Amino acid sequence: MSARLTCAKDAQSKEMALSISGTVDLSNVADLLAEGEKAVQAADATSPLRIDVSLVENAQSVLISLLLRLVAAAEAKGLNVSVSGLTGKMFDIARVSGVETVLPLADEAV
């Protein structure tokens, strides 16, 4: 399965969610980054942004790099950003690489 990035805004909470699904690897991470950065730039600065990775099927270190870049882009724009769905093997990769304290993990992410 290839990877997808979808963007949706919750009408009630006004939160924008970027959802990443499928298998993220070297063959598609550049496209996901470009799509994600475009979505971040289009986001309303007054709305919170959540990056959801709960539907990612394959955890590789390239996913952590993608998250770091998207979070940096969101923070540079002044967005209130969080990462959700980072569990199990994906969280272990973040912890081993020392970035779990850098990523703004939502409570359910750990």
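As shown above, the structure is provided for reference.
Residues numbered from 1 in each chain as written. Predicted model: local features only at pLDDT ≥ 70, side-chain atom pairs only at ≥ 80, totals over all residues. Heavy atoms only, no water.

Caption draft 1: Here's a closer look at the pattern of salt bridges. Counted by the stated rule, this structure contains 4 salt bridges. Across the salt bridge formed by glutamate 15 and arginine 50, the nearest N and O atoms sit 3.1 Å from each other. Residue glutamate 15 is found in the loop between β1 (4–9) and β2 (16–23), and its partner arginine 50 is found in strand β3 (residues 49–58); the two are separated by 35 residues along the sequence. Put simply, Glu15, Arg50 and Asp52 are held in one network by salt bridges that share partners. (Salt bridge = Lys/Arg side-chain N within 4 Å of Asp/Glu carboxyl O. Helix = DSSP H or I, 4+ residues; strand = E, 2+ residues; numbered from the N terminus.)

Caption draft 2: Representation of the packing of helix α2 (residues 61–77) against helix α3 (residues 88–97). Their axes nearest at 9 Å, the elements α2 and α3 cross at an angle of 75 degrees. Relative to α3, α2 is oriented roughly perpendicular. Listed contacts from α3 to Ser61, Leu63 and Ile64 of α2 are Met90, Ile93, Ala94 and Ser97. Classifying every residue of the contact of α2 with α3 gives 5 nonpolar, 2 polar and no charged. (Axes fitted to C-alpha atoms, helices over the stretch in contact; angles between N-to-C directions. Parallel < 35°, antiparallel > 145°, perpendicular 65-115°, else oblique. Contact = heavy atoms within 4.5 Å. Nonpolar A, V, L, I, M, F, W, Y, C, P; charged D, E, K, R; others polar.)

Caption draft 3: Structural view of the sheet that holds β1. One open sheet holds the 4 strands; their spatial order is β1-β2-β3-β4, and the pairing between them is mixed. Bordering the open sheet on either side are β1 and β4 (81–84), each of which pairs with just one other strand. Each adjacent strand pair in this sheet contributes to an overall mean axis angle of 20 degrees, direction not counted. Both β2 and β3 contribute to a ladder of 7 bridges, which runs parallel. Within the sheet, the bridge partner assigned to leucine 18 lies in β3 and is isoleucine 51. The strands touched by helix α1 (residues 29–42) within the sheet are β1, β2 and β3, with β1 carrying the most contacts at an inclination of about 15 degrees. Across the sheet, α2 lies against β2, β3 and β4, angled at about 170 degrees from β3, the strand it touches most. (Pairing = 2+ DSSP bridges.)

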